[in-house]
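For reference, the chains in residue letters:
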Amino acid sequence: MEEGARSCLLRFRHRLEQDIKPSYLMDHMISDGVINVDEEERIRTQDQAVALLELLLRKDNRAYISFYNALVKETYDDLANLLYDDLPQISANAHKSSSDGWTPHVQMVLSEGGVPQRPVVFVSRPELLNRVRERLYRLQKEPGWVTVFGMAGSGKSVLAAEAVRHQGIIEECFPGGVHWLSIGQLDKPDLLVKIQSLCFRLEQSLDSQSLHRPPNSLDEAKERLRFLMLRRYPRSLLILDDIWDSTVLKVFDIQCRILLTTRNRSLTDSVSGAKYEVEVASGLDENKGLEILALYTKTNPQGLPEEARSIVRECKGSPLVVSLIGALLKEKPNRWRYYLCQLQQKQFKRIRKSSSYDYDALDQAMAASIEVLPDEHQELYKDLTVLEKDIKIPAKVLSILWDLEPEEVEDILEEFVNKSLLFVDSHNKPYLYYLHDLQLDFLVEQNRTQLEVDLHTKVVRQYQQHYRDDPPTSGDEECLYWIRFLTYHMARANLSQELYSLMFSLDWVSIKAQIMGPAHLINDYVEYGPILDKEGRCDNYQFQEFLSLNGHQLEQRPFPDVVQLALSQPPTSEVYRQALLQAQDRASKGKLYVDWLNKSSVESLSRLVIHPHQGSIYSACFSQDGAKIATCGASKTLKVFKSTSGEKLTEIQAHDDEVLCCAFSPDDRLLATCSSDRKVKVWNVERAMLLRVFAEEHEEQVNHCQFTNTRRQLLLATCSNDKFLNVWNLNRPSSQNTMFGHFEPVNHCCFSPDDTYVSTSSNDGTVKLFQVSSANEWKTINVSSMFTESDEEVLVKCSTWTADGKRIICAARNAVLVFDVETSDMLLEIRTSRLSMVQYCHACPTSNLLAIAFSNYAVELWDLEANKKMADCSGHLSWVQRVQFSPDGSQLLSCSDDQTVRVRLNKCVRDGMTGSVLFQSEEMSSRIRCTCMCRQPSVVALGQENGTVQVWSWQSGEGRVLKGHKEQVRCFSLLSHSPARLLSWSFDGTVKVRLRHIPDIEAHRGAILSCHVSPDGCFFATTSADKTAKLWHCESWQCVHTLSGHQDCVRSCRFSWDSRRLATGDDNGEIRLWSVKEGALLKICSRDGKDGMDSLHGGWVTDLHFSSDNSLLVSTGGYIKWWDVEKGKALQTFYPTGSALKKIHVSCDFSTFVTIDNIGILYILQRVV
């Protein structure tokens, strides 16, 4: 060791000996190969810290570096800092001198990527290792897949980790790093959490500007991961450990370099790219098995007793079983014959066996290993039976389960690890522990009779005892485990009443949604629905309906108040009953809540809800006559229903893999389906009979299919990940045109209304238009060029044509773009305020409406002419895959990963509610923009778009016209009632005083957007598109203060009732509070609502009102917010069904609030007391 390093250790020796816990540090150092198992044993028999430092001083530079790295990993940052300045420099030659190319640099790269460390007892398998590395070298030039496959327990994961533990592989093939992700058997919410975690880990290593909110859906997660792997981490390797399902693998089909371990070699058939395989067929050969036993027993392989070979043969080459026996012999080295006899007994008879694995040896080895544990530890080990596969848990969870101190639990777990009965992931802090699948299988088999009643019940009871007051909310690993799996344990223990009480609690909804996101929460209601429904009440349906309407709100940050959201539920709902009780209790302690009094007048917008499939629904479509709906999805089936009643007409087992799309022919006689199995099929609808199969034409999964719109010529278009579009003439036996030009997978194809063109949307960021008659490319629209703000890839999800065929609409990222077909010019861009990606869009064939589906469960309706959102159509419990209008435009269909199809009447969605008119004026010559009523005289002033003001007596019907403004009159304000002085302001930037002869005021350079007169009549304020507000004196008409600082148009203003403060709101959603006397900024209302591209207020701040005591402020925009004036903090938020609230009317006591949204829904809100 260099003198400087040695001197540093001596200098800080006393402090190191006092503070370190050597057992954890030695695990890292053994993995690094700088100390061996014998040395570890010797240290454990002495004062461990003192002995470890003594040993280090006799070692070389590598030992010093390994010790430093171990301190960093175990978060001894202060101690590591003491050693940092004296770290030895490792030369390039020293790098290369390592026999296997494993250097501190490699160790750092693998540690950052979460690659597991070497097992403490490790034997190399050079032949297999070289085969894996040779395949990895083939990924040096291009993306692709290397599959390591073999039976359970054959050492695939260790082999994969060892293959990348090599300087040459890292530097030459994967300089962007290596990233490890353990998968296992997952459902979609769990998989989403895994990828969210990986994306966060990747983004954390970049600058803080790169941090995003977590993706909301698997589609969004796939796009985020694609961008990170291709742009931020080019030439990096993603290792997917223990893949079971091809649908999971498709999420990672992102054109990057992937190494995966699996038991099923055919999984990569479902993905695109170069593919290489390595089979781990037989586990360890005899010599390697003997080598493991020799390492455990610290014996030369040649000196092992004759029983050793028989033991290895009985272990069938399983590294796991050999390690279990080796750990036993390590403690009892004279029991070779005894453990051989144990293996040969085969006394365990399994109820269920896997055909790919011989369980006999494992069962005997596990039984023998458990047998040598102390009796009390055997009982504790049995408790691990309750774990789910592939789940890692911190010691603190077991501390609660076993009712022991955490330090005592760590010692017990260390004993289990040393006996190969448990594995530890030391990359995490705190350490996470887990069982191999085969070990868990053994425990489940042995404890089958006890498992449900006793073991899971024990977990629940121990949790209830520890958290008798409140559930954990810290967000650490222990908290995550309980929040994620408590419902699972209750369900397995048949504790239906406890499960019922937990899941039908708003407190639980709030905690789980905030910590885990709504996807996990919603999945619980679906998964445990059969148990919850046994109680015979409607609570399960009511909670699901609540989550379906508010799921997208639960993605917001800051997290919304769940009680306030629940107050919008029907009065008969259990959700509302709980919310009202909680709101009343919290209101008594000063919290603000509002109840929506007239919500019963708003009916559900979903006319029909169908649950057609088990699993995600990827496509649903109307027949041309609108009478039928076809659906398909992950269940591999095609189903047809009546659109009026949901009655099932047909069910067909359509494909061998997920069915991605279905489409009716223009005469409704045929249905086409396409699938991940690469086939396209055409079916007779009435007879449910297969007519045609196109099995060879596409080389990858077929993403979309569509028939022509007219009956003139029956054509079917299909597009695929193979980058091609095929068009088939179904009137002829075999007729096909293949159209090419895309460089990446084609996601969607769509015929123009007259069938002249077919459009294709691709991951290469373009939409191409092909002439159907000639099969030639007509033009390309470069959609990606419209997204210049970042270098993230632009994947075009789909395209749809307007009814006149003159515009084509594309969905990409979080935007919808409208292009002119002839010129390719972009005419309109809809950048949604949703914190999610656009999944799909469809233009109504009979109107200007556009339906947009989002990854965060929402569907929106937009008017293309007005560029205005017309409605929010919530209702789904998961990401929405597709939307479609019926051919007559009367109905809207949506399908989702929540296994439902919803049909909405388009008229109900658009028109909202109507009421009776009390009085109506005569029709004016120009559009009326604003009104104002005066008491003396009894007149109403009408501001018009042509700049004139009509002053009209609504009692006598007489009126007169006042002119002067050059542009539309924006609004009025009364300066005084007697004599009447009326202030009008306009987009022309001027303020005029009506009914008195006062000179006009040229107030702003831009349009005036609002004006308000102070309650004491001394001042009035104006706000403008020039981003300023101004204070004016009512007598002198002079500007007193110009208020600057807003970054966008200042849309609204309001004086406090004592005339001392002025509130102003802008188009970015920001609200500022000013002193009227000094013109100074007092407060900027809380900025913590900013997320993604959403404004602070969900839109422009359109209206403001103070409470009578000036302590509270209410504001409207995309939603309604209440504020604490002194602190500038948001107190409550109400989310309307629609958006774009314009004005809010407030009662004098600040208890009742009335407003109306853009789809015509009236809100009468009352403070809860």
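Structure's up top.
Residues numbered from 1 in each chain as written. Predicted model: local features only at pLDDT ≥ 70, side-chain atom pairs only at ≥ 80, totals over all residues. Heavy atoms only, no water.

1. Comments concerning the pattern of salt bridges
Then, number 1: Following the criterion strictly, the structure yields 57 salt bridges and no others.
Then, number 2: Note that aspartate 667 is salt-bridged to arginine 669, the shortest N-O span being 2.9 Å.
Then, number 3: Accessibility expressed as a relative area gives 24% for aspartate 667, which makes it partly exposed.
Then, number 4: Overall, arginine 669 belongs to the partly exposed group, its relative accessible area being 49%.
Then, number 5: Through salt bridges that share partners, Arg13, Glu17 and Glu54 make up one connected network. (Salt bridge = Lys/Arg side-chain N within 4 Å of Asp/Glu carboxyl O. Buried < 20%, exposed > 50% of the residue type's maximum accessible area, 1.4 Å probe, protein only.)

2. What about the packing of aromatic side chains?
Then, number 1: Scanning all chains against the criterion turns up 25 aromatic pairs.
Then, number 2: Measuring from ring centre to ring centre gives 5.7 Å for tyrosine 481 and tryptophan 482, while their planes differ by 80°; the resulting arrangement is edge-to-face. Across the pair, exposure class does not vary: tyrosine 481 and tryptophan 482 are buried alike.
Then, number 3: Plain terms: the ring middles of phenylalanine 1020 and tryptophan 1037 are 5.8 Å apart, the flat faces sit at 50° to each other, and that makes the pair tilted. Linking phenylalanine 1020 in strand β47 (residues 1019-1024) with tryptophan 1037 in the loop between β48 (1029-1033) and β49 (1039-1043), this pair joins segments that are 17 residues apart in sequence.
Then, number 4: Given the relative accessible area of 0%, phenylalanine 1020 is considered buried.
Then, number 5: Overall, tryptophan 1037 belongs to the buried group, its relative accessible area being 13%. (Phe/Tyr/Trp six-rings, centres within 6.5 Å; stacked < 30°, edge-to-face > 60°. Helix = DSSP H or I, 4+ residues; strand = E, 2+ residues; numbered from the N terminus.)

3. Topic: the nonpolar core
Then, number 1: Counting residues in each nonpolar core, the largest one holds 146 residues, and the members touching the most others are Leu225, Leu240, Phe252, Leu293, Tyr381 and Trp402.
Then, number 2: Sorting elements by how many residues they give to this core places helix α26 (residues 477-492) first, with nine residues.
Then, number 3: Excluding residues that lie within four positions of it along the chain, leucine 240 makes contacts with Leu181, Ile183, Leu249, Phe252, Ile258, Leu259, Leu260 and Thr261.
Then, number 4: In terms of nonpolar packing, the next biggest core, distinct from the first, is built from 46 residues, Leu828, Ala853, Val859 and Leu1112 among them. (Core = buried A, V, L, I, M, F, W, Y, C linked by side-chain atoms within 4.5 Å. Contact = heavy atoms within 4.5 Å.)

4. Topic: a negative patch on the surface
Then, number 1: Taken together, the side chains of Asp403, Glu405, Glu407, Glu408 and Asp411 present a region of like negative charge at the surface.
Then, number 2: One can find glutamate 408 in helix α23 (residues 406-418). (Patch = residues over 30% accessible without salt bridge, like charges linked within 9 Å, V, L, I, M, F, W, Y side chains within 5 Å. Areas by Shrake-Rupley, 256 points an atom, 1.4 Å probe, with all protein chains shown as cover. Lys, Arg positive; Asp, Glu negative; His and termini not counted. Charge placed at Lys NZ, Arg CZ, Asp CG, Glu CD.)

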